[in-house]
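Here is how the chains run, residue by residue.
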Amino acid sequence: MATELEKILVFGGTGYLGKYVVRASIKMGHPTYVYGRPITPNSNPSNSKVELHKEFQSVGVILIQGELSEHEKLVSLIKQVDIVISALGTPYYMEQLKIIDAIKVAGNIKRFIPSEFGCEEGLITAVLPPFQDLLDKKRKIRRATEATGVPFTFLTSTCFGAYFLSFLLHPHDQYSEELTIYGTGESKAVFTHEEDVAIYAIKAANDPRTCNRTVLFRPSKNILSQLELVSLWEKKTSRSYNKVFVYEEELVELSETSPHPENVRAAIIHSIFVKGDMANFEIGEDEMEVSKLYPDVEYTTVDQLLDNFMANPPEFRYVEL
(Lines give C-alpha, C1' and ligand atoms only; values in the text may rest on other atoms or scores of the structure.)
Protein backbone atom coordinates (compact mmCIF):
# COMPACT_ATOMS: atom_id res chain seq x y z
CA MET A 1 0.00 0.00 0.00
CA ALA A 2 1.32 3.42 -0.93
CA THR A 3 2.22 5.66 1.98
CA GLU A 4 0.04 8.75 2.25
CA LEU A 5 1.95 11.98 1.79
CA GLU A 6 2.28 14.48 4.61
CA LYS A 7 -0.77 16.62 5.36
CA ILE A 8 -0.06 20.30 4.72
CA LEU A 9 -1.85 23.26 6.31
CA VAL A 10 -1.51 26.63 4.60
CA PHE A 11 -2.24 29.95 6.27
CA GLY A 12 -2.93 32.81 3.87
CA GLY A 13 -3.93 30.29 1.23
CA THR A 14 -6.15 32.70 -0.67
CA GLY A 15 -3.56 35.48 -0.65
CA TYR A 16 -1.10 36.50 -3.35
CA LEU A 17 1.49 33.76 -2.81
CA GLY A 18 -0.69 31.42 -0.79
CA LYS A 19 -2.88 30.37 -3.70
CA TYR A 20 0.20 29.15 -5.56
CA VAL A 21 1.34 27.18 -2.49
CA VAL A 22 -2.06 25.49 -2.20
CA ARG A 23 -2.10 24.59 -5.90
CA ALA A 24 1.44 23.19 -5.71
CA SER A 25 0.61 21.14 -2.62
CA ILE A 26 -2.46 19.58 -4.26
CA LYS A 27 -0.63 18.99 -7.54
CA MET A 28 2.13 17.14 -5.67
CA GLY A 29 -0.42 14.88 -4.01
CA HIS A 30 -0.55 16.23 -0.46
CA PRO A 31 -3.77 16.32 1.53
CA THR A 32 -4.07 20.09 1.80
CA TYR A 33 -5.84 22.27 4.33
CA VAL A 34 -6.38 26.04 4.18
CA TYR A 35 -7.26 28.12 7.22
CA GLY A 36 -8.66 31.55 6.52
CA ARG A 37 -11.06 34.24 7.61
CA PRO A 38 -14.76 33.47 7.18
CA ILE A 39 -16.45 34.47 3.95
CA THR A 40 -19.77 36.04 4.89
CA PRO A 41 -23.09 35.61 3.04
CA ASN A 42 -22.65 39.20 1.90
CA SER A 43 -19.35 38.46 0.17
CA ASN A 44 -19.29 39.57 -3.44
CA PRO A 45 -19.73 36.40 -5.57
CA SER A 46 -17.16 37.78 -8.02
CA ASN A 47 -14.65 38.27 -5.20
CA SER A 48 -11.39 36.49 -5.96
CA LYS A 49 -11.41 34.71 -2.59
CA VAL A 50 -14.87 33.30 -3.28
CA GLU A 51 -13.67 32.04 -6.64
CA LEU A 52 -10.56 30.55 -5.05
CA HIS A 53 -12.70 28.73 -2.48
CA LYS A 54 -14.71 27.18 -5.33
CA GLU A 55 -11.51 26.21 -7.15
CA PHE A 56 -9.94 24.70 -4.04
CA GLN A 57 -13.06 22.74 -3.10
CA SER A 58 -13.24 21.30 -6.62
CA VAL A 59 -9.76 19.76 -6.25
CA GLY A 60 -10.20 18.45 -2.72
CA VAL A 61 -8.71 21.20 -0.55
CA ILE A 62 -10.14 21.14 2.98
CA LEU A 63 -11.20 24.69 3.86
CA ILE A 64 -11.48 25.76 7.48
CA GLN A 65 -12.78 29.24 8.26
CA GLY A 66 -11.81 31.06 11.41
CA GLU A 67 -9.72 33.77 13.00
CA LEU A 68 -6.10 33.49 14.13
CA SER A 69 -7.27 34.55 17.58
CA GLU A 70 -9.18 31.25 17.98
CA HIS A 71 -6.34 29.45 19.77
CA GLU A 72 -8.10 26.18 20.63
CA LYS A 73 -9.46 25.87 17.10
CA LEU A 74 -5.95 26.38 15.69
CA VAL A 75 -4.44 23.78 18.04
CA SER A 76 -7.13 21.24 17.15
CA LEU A 77 -6.56 21.76 13.42
CA ILE A 78 -2.78 21.70 13.64
CA LYS A 79 -2.93 18.34 15.46
CA GLN A 80 -4.51 16.91 12.29
CA VAL A 81 -1.64 17.85 9.94
CA ASP A 82 2.10 17.31 9.59
CA ILE A 83 3.42 20.49 7.96
CA VAL A 84 2.44 24.13 8.40
CA ILE A 85 3.26 26.75 5.77
CA SER A 86 2.48 30.42 6.34
CA ALA A 87 1.95 32.68 3.34
CA LEU A 88 0.44 35.54 5.31
CA GLY A 89 0.92 38.95 3.75
CA THR A 90 3.03 41.73 5.23
CA PRO A 91 0.25 43.49 7.20
CA TYR A 92 -0.42 40.26 9.10
CA TYR A 93 3.18 39.22 9.62
CA MET A 94 3.22 39.42 13.41
CA GLU A 95 -0.02 37.41 13.53
CA GLN A 96 2.24 34.42 12.91
CA LEU A 97 3.04 34.50 16.61
CA LYS A 98 -0.45 33.09 17.18
CA ILE A 99 0.29 30.27 14.72
CA ILE A 100 3.62 29.58 16.42
CA ASP A 101 1.94 29.44 19.84
CA ALA A 102 -0.60 26.92 18.53
CA ILE A 103 2.12 24.82 16.87
CA LYS A 104 4.00 24.70 20.15
CA VAL A 105 0.94 23.52 22.08
CA ALA A 106 -0.04 20.96 19.42
CA GLY A 107 3.41 19.39 19.61
CA ASN A 108 3.18 17.28 16.47
CA ILE A 109 4.38 19.42 13.57
CA LYS A 110 7.23 17.99 11.51
CA ARG A 111 8.05 21.25 9.70
CA PHE A 112 7.05 24.90 9.83
CA ILE A 113 7.79 27.37 7.05
CA PRO A 114 7.00 30.96 8.09
CA SER A 115 6.16 33.68 5.59
CA GLU A 116 9.56 34.88 4.35
CA PHE A 117 10.65 34.63 0.68
CA GLY A 118 11.94 38.23 0.26
CA CYS A 119 15.30 39.74 1.21
CA GLU A 120 17.46 37.63 3.51
CA GLU A 121 17.43 39.66 6.71
CA GLY A 122 20.44 37.82 8.07
CA LEU A 123 22.62 39.18 5.27
CA ILE A 124 21.42 42.79 5.08
CA THR A 125 23.22 45.27 7.29
CA ALA A 126 21.85 48.68 6.31
CA VAL A 127 18.43 49.46 4.84
CA LEU A 128 16.15 52.47 5.03
CA PRO A 129 14.00 52.68 8.21
CA PRO A 130 10.58 51.76 6.74
CA PHE A 131 12.02 48.52 5.35
CA GLN A 132 14.10 47.93 8.47
CA ASP A 133 10.84 47.80 10.43
CA LEU A 134 9.65 44.91 8.25
CA LEU A 135 12.96 43.08 8.58
CA ASP A 136 12.84 43.47 12.36
CA LYS A 137 9.43 41.79 12.36
CA LYS A 138 10.83 38.94 10.29
CA ARG A 139 13.66 38.50 12.77
CA LYS A 140 11.17 38.33 15.64
CA ILE A 141 9.24 35.59 13.86
CA ARG A 142 12.44 33.69 13.16
CA ARG A 143 13.55 33.85 16.79
CA ALA A 144 10.09 32.80 17.99
CA THR A 145 10.11 29.89 15.53
CA GLU A 146 13.54 28.72 16.66
CA ALA A 147 12.53 28.99 20.31
CA THR A 148 9.72 26.45 19.91
CA GLY A 149 12.10 23.64 19.00
CA VAL A 150 9.78 22.75 16.11
CA PRO A 151 11.65 21.80 12.90
CA PHE A 152 11.62 24.74 10.49
CA THR A 153 12.83 25.91 7.11
CA PHE A 154 13.36 29.56 6.15
CA LEU A 155 12.93 30.19 2.40
CA THR A 156 14.30 33.55 1.39
CA SER A 157 16.01 35.95 -0.99
CA THR A 158 13.96 36.35 -4.14
CA CYS A 159 11.58 38.73 -5.84
CA PHE A 160 8.24 37.29 -6.85
CA GLY A 161 8.94 37.13 -10.57
CA ALA A 162 5.62 37.95 -12.19
CA TYR A 163 4.87 40.68 -9.65
CA PHE A 164 8.15 42.57 -9.86
CA LEU A 165 8.63 42.16 -13.61
CA SER A 166 5.14 43.50 -14.13
CA PHE A 167 5.95 46.41 -11.80
CA LEU A 168 9.16 47.26 -13.65
CA LEU A 169 8.06 46.70 -17.25
CA HIS A 170 4.31 47.56 -17.31
CA PRO A 171 3.47 44.91 -19.93
CA HIS A 172 -0.25 45.74 -19.63
CA ASP A 173 0.37 49.34 -20.76
CA GLN A 174 0.84 48.93 -24.49
CA TYR A 175 1.00 52.68 -25.12
CA SER A 176 3.66 53.64 -22.58
CA GLU A 177 6.84 54.99 -24.11
CA GLU A 178 8.94 55.13 -20.95
CA LEU A 179 10.16 52.87 -18.17
CA THR A 180 11.50 53.84 -14.76
CA ILE A 181 15.00 52.75 -13.77
CA TYR A 182 15.87 52.82 -10.08
CA GLY A 183 19.41 53.86 -9.23
CA THR A 184 21.81 53.23 -12.10
CA GLY A 185 19.94 50.13 -13.20
CA GLU A 186 23.07 47.99 -12.88
CA SER A 187 22.42 46.20 -9.58
CA LYS A 188 21.18 42.65 -10.06
CA ALA A 189 18.14 41.07 -8.46
CA VAL A 190 16.74 37.52 -8.28
CA PHE A 191 13.37 36.82 -9.89
CA THR A 192 11.51 33.55 -9.25
CA HIS A 193 8.10 32.87 -10.71
CA GLU A 194 5.47 32.55 -7.98
CA GLU A 195 4.54 29.05 -9.15
CA ASP A 196 8.15 27.96 -8.72
CA VAL A 197 8.45 29.59 -5.29
CA ALA A 198 5.48 27.47 -4.26
CA ILE A 199 6.89 24.26 -5.73
CA TYR A 200 10.21 24.81 -3.97
CA ALA A 201 8.37 25.50 -0.71
CA ILE A 202 6.50 22.19 -0.84
CA LYS A 203 9.66 20.29 -1.75
CA ALA A 204 11.68 21.95 1.03
CA ALA A 205 8.94 21.25 3.57
CA ASN A 206 9.33 17.53 2.91
CA ASP A 207 13.13 17.45 2.66
CA PRO A 208 15.21 16.29 5.66
CA ARG A 209 18.21 18.19 4.25
CA THR A 210 16.46 21.54 4.78
CA CYS A 211 15.45 20.90 8.39
CA ASN A 212 16.40 23.89 10.58
CA ARG A 213 18.14 25.55 7.65
CA THR A 214 17.83 28.73 5.59
CA VAL A 215 17.34 28.00 1.90
CA LEU A 216 18.14 30.71 -0.65
CA PHE A 217 16.92 31.38 -4.19
CA ARG A 218 19.57 31.88 -6.84
CA PRO A 219 18.37 30.30 -10.14
CA SER A 220 21.19 31.17 -12.51
CA LYS A 221 19.02 32.24 -15.47
CA ASN A 222 16.95 34.60 -13.33
CA ILE A 223 19.57 36.98 -11.95
CA LEU A 224 19.36 40.19 -13.95
CA SER A 225 19.77 43.94 -13.62
CA GLN A 226 17.05 46.38 -14.57
CA LEU A 227 19.02 47.45 -17.65
CA GLU A 228 19.29 43.82 -18.74
CA LEU A 229 15.55 43.35 -18.20
CA VAL A 230 14.66 46.44 -20.21
CA SER A 231 16.98 45.39 -23.03
CA LEU A 232 15.37 41.95 -23.13
CA TRP A 233 11.89 43.47 -23.09
CA GLU A 234 12.76 45.91 -25.87
CA LYS A 235 13.91 43.03 -28.06
CA LYS A 236 10.72 41.09 -27.45
CA THR A 237 8.42 44.07 -28.03
CA SER A 238 10.50 45.55 -30.86
CA ARG A 239 10.22 48.89 -29.09
CA SER A 240 12.67 51.41 -27.68
CA TYR A 241 11.71 52.94 -24.34
CA ASN A 242 12.69 56.26 -22.85
CA LYS A 243 14.43 55.43 -19.58
CA VAL A 244 13.56 57.69 -16.64
CA PHE A 245 16.07 57.32 -13.83
CA VAL A 246 15.05 57.67 -10.19
CA TYR A 247 18.33 57.90 -8.33
CA GLU A 248 19.18 56.83 -4.81
CA GLU A 249 18.80 60.27 -3.26
CA GLU A 250 15.22 60.57 -4.48
CA LEU A 251 14.29 57.12 -3.15
CA VAL A 252 15.79 57.98 0.23
CA GLU A 253 13.74 61.19 0.31
CA LEU A 254 10.57 59.33 -0.71
CA SER A 255 11.12 56.82 2.09
CA GLU A 256 11.37 59.70 4.56
CA THR A 257 8.53 61.93 3.36
CA SER A 258 5.91 59.68 1.77
CA PRO A 259 2.94 58.32 3.72
CA HIS A 260 2.54 54.61 4.37
CA PRO A 261 2.72 52.41 2.33
CA GLU A 262 4.54 54.48 -0.31
CA ASN A 263 7.45 55.02 2.09
CA VAL A 264 7.85 51.26 2.54
CA ARG A 265 7.75 50.66 -1.21
CA ALA A 266 10.46 53.26 -1.76
CA ALA A 267 12.65 51.63 0.89
CA ILE A 268 12.16 48.14 -0.58
CA ILE A 269 12.96 49.37 -4.10
CA HIS A 270 16.08 51.04 -2.72
CA SER A 271 17.25 47.80 -1.09
CA ILE A 272 16.55 45.48 -4.03
CA PHE A 273 17.27 47.62 -7.08
CA VAL A 274 19.77 50.21 -5.86
CA LYS A 275 21.76 48.29 -3.27
CA GLY A 276 21.22 44.90 -4.91
CA ASP A 277 20.59 43.23 -1.56
CA MET A 278 19.20 40.04 -3.10
CA ALA A 279 22.21 39.19 -5.20
CA ASN A 280 25.21 41.08 -3.82
CA PHE A 281 26.52 38.22 -1.69
CA GLU A 282 28.09 34.85 -2.44
CA ILE A 283 26.41 31.61 -1.46
CA GLY A 284 28.87 29.41 0.42
CA GLU A 285 29.41 25.73 -0.31
CA ASP A 286 27.63 24.74 2.90
CA GLU A 287 24.62 26.97 2.17
CA MET A 288 21.49 25.73 0.42
CA GLU A 289 20.06 27.05 -2.84
CA VAL A 290 16.79 25.82 -4.35
CA SER A 291 17.84 25.18 -7.94
CA LYS A 292 20.79 23.08 -6.78
CA LEU A 293 18.74 21.19 -4.19
CA TYR A 294 16.04 20.41 -6.74
CA PRO A 295 17.60 20.23 -10.21
CA ASP A 296 14.55 18.21 -11.34
CA VAL A 297 12.42 21.37 -11.18
CA GLU A 298 12.41 23.07 -14.57
CA TYR A 299 11.91 26.55 -13.23
CA THR A 300 10.39 29.32 -15.32
CA THR A 301 13.10 31.61 -16.64
CA VAL A 302 12.73 35.39 -16.85
CA ASP A 303 12.83 35.00 -20.63
CA GLN A 304 9.87 32.61 -20.49
CA LEU A 305 7.97 34.90 -18.13
CA LEU A 306 8.36 37.78 -20.56
CA ASP A 307 7.07 35.55 -23.36
CA ASN A 308 4.02 34.91 -21.16
CA PHE A 309 3.64 38.67 -20.74
CA MET A 310 3.67 39.10 -24.50
CA ALA A 311 0.87 36.55 -24.91
CA ASN A 312 -1.16 37.56 -21.87
CA PRO A 313 -0.11 40.90 -20.33
CA PRO A 314 -0.94 40.95 -16.60
CA GLU A 315 -2.49 44.03 -15.03
CA PHE A 316 -0.34 45.19 -12.12
CA ARG A 317 -1.75 45.72 -8.63
CA TYR A 318 0.29 46.49 -5.53
CA VAL A 319 0.22 43.91 -2.76
CA GLU A 320 -0.65 45.12 0.73
CA LEU A 321 2.16 46.40 2.94
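Remember, it's a predicted structure, so these values are computed and weren't measured experimentally.

A. Quick peek at the nonpolar core. One finds Leu-155, Phe-191, Ile-272 and Phe-273 to be the most contacted residues of the largest nonpolar core, which totals 75 residues. For this core, the element with the most residues is helix H10 (residues 262-274), which contributes eight residues. Once residues lying within four places of it in the same chain are set aside, the contact partners of Phe-191 are Thr-158, Cys-159, Gly-161, Phe-164, Leu-165, Leu-168, Pro-219, Asn-222, Leu-224, Leu-229, Phe-273 and Val-302. Of all hydrophobic cores here, the second largest spans 23 residues; its members include Ile-64, Leu-77, Val-84 and Val-150.

B. Highlighting the layout of surface pockets. When its volume is computed, the second largest pocket comes out at roughly 190 Å³. Considering the residues around the second largest pocket, the lining is formed by Phe-167, Tyr-182, Val-246, Glu-250, Leu-251, Leu-254, Ser-258, Glu-262, Arg-265, Ala-266, Ile-269 and Tyr-318. Listed by contribution, the elements that provide at least two residues to the lining of the second largest pocket are helix H9 (248-257) and H10. Here the lining of the second largest pocket gets four residues from one element, more than from any other, and that element is H10. Taken together, the residues that form the lining of the second largest pocket break down as eight nonpolar, one polar and three charged.

C. Spotlight on the pattern of salt bridges. Counted under the stated rule, the structure contains 19 salt bridges. Measuring nitrogen to oxygen at the nearest pair gives 2.8 Å for the salt bridge that ties Glu-228 to Lys-188. Taken together, the residues Glu-228 in helix H8 (residues 226-237) and Lys-188 in strand S9 (residues 188-192) connect sequence positions 40 residues apart. Judged by relative accessible area, Lys-188 falls into the partly exposed class, the value being 36%. With a shortest N-O distance of 2.7 Å, Asp-307 and Lys-236 are connected by a salt bridge. Of this pair, Asp-307 sits in helix H12 (residues 302-311) while Lys-236 sits in helix H8; the two residues are 71 residues apart in sequence, bridging distant segments of the chain. On the basis of relative accessibility, which here comes to 22%, the residue Lys-236 falls in the partly exposed class. Put simply, Glu-116, Glu-120, Glu-121 and Arg-142 are held in one network by salt bridges that share partners.

D. Structural context of the sheet that holds strand S13 (residues 288-289). Taken in spatial order, the three strands line up as S6-S10-S13 in an open sheet, and their pairing is parallel. Two strands close off the open sheet at either side, each with one partner strand: strand S6 (153-156) and S13. Across two bridges, the pairing between strand S10 (residues 213-216) and S13 is parallel. Considered in S13, the bridge of Val-215 is made with Met-288.

E. View of the sheet that holds strand S4 (residues 83-86). In spatial order, the strands read S3-S2-S1-S4-S5; together these five strands make up an open sheet with parallel pairing. Either end of the sheet is taken by a strand with one partner, and the two such strands are strand S3 (62-65) and strand S5 (111-113). Taking the axes of each pair of neighbouring strands and ignoring which way they run, one obtains an average angle of 20° across the sheet. Here three bridges tie S4 to S5, and the two strands are oriented parallel to one another. Bridged to Val-84 within S5 is Phe-112.

F. Here's a closer look at the pairing of S10. The pairing of S6 with S10 spans four bridges and is classified as parallel. By the bridge assignment for S10, Thr-156 is matched with Leu-216.

G. Here's a closer look at the environment of Ser-58. Mapped onto the fold, Ser-58 is located in helix H2 (residues 48-58). A distance of 2.6 Å separates a polar atom in the side chain of Ser-58 from the backbone oxygen of Glu-55.

H. Expanded view of the packing of helix H4 (residues 96-106) against helix H5 (residues 129-148). Packing of H4 against H5 leaves a shortest axis separation of 10 Å and a crossing angle of 5°. Relative to H5, the element H4 is oriented roughly parallel. Residues Gln-96, Leu-97, Ile-100 and Lys-104 of H4 lie in contact with H5, whose contacting residues are Ile-141, Ala-144, Thr-145 and Thr-148. A per-class count over the contact of H4 with H5 returns four nonpolar, three polar and one charged.

I. Examining the side chain of Ser-166 more closely. Along the chain, the position of Ser-166 falls in helix H6 (residues 161-169). Judged by relative accessible area, Ser-166 falls into the buried class, the value being 3%. The residues contacting Ser-166, other than those within four sequence positions of it, are Pro-171, His-172, Phe-309, Pro-314 and Phe-316.

About the cut-offs
Residues numbered from 1 in each chain as written. Predicted model: local features only at pLDDT ≥ 70, side-chain atom pairs only at ≥ 80, totals over all residues. Heavy atoms only, no water. Core = buried A, V, L, I, M, F, W, Y, C linked by side-chain atoms within 4.5 Å. Buried < 20%, exposed > 50% of the residue type's maximum accessible area, 1.4 Å probe, protein only. Helix = DSSP H or I, 4+ residues; strand = E, 2+ residues; numbered from the N terminus. Contact = heavy atoms within 4.5 Å. 1 Å grid on protein atoms, 1.4 Å probe; cavity = no way out; pocket = protein on both sides within 12 Å on 5 of 7 lines; lining within 4 Å. Points joined across faces, edges and corners; volume = space filled by probe spheres on them. Nonpolar A, V, L, I, M, F, W, Y, C, P; charged D, E, K, R; others polar. Salt bridge = Lys/Arg side-chain N within 4 Å of Asp/Glu carboxyl O. Pairing = 2+ DSSP bridges. Axes fitted to C-alpha atoms, helices over the stretch in contact; angles between N-to-C directions. Polar contact = N/O pair within 3.5 Å; in protein donor to acceptor, adjacent residues only side chain to side chain. Parallel < 35°, antiparallel > 145°, perpendicular 65-115°, else oblique.

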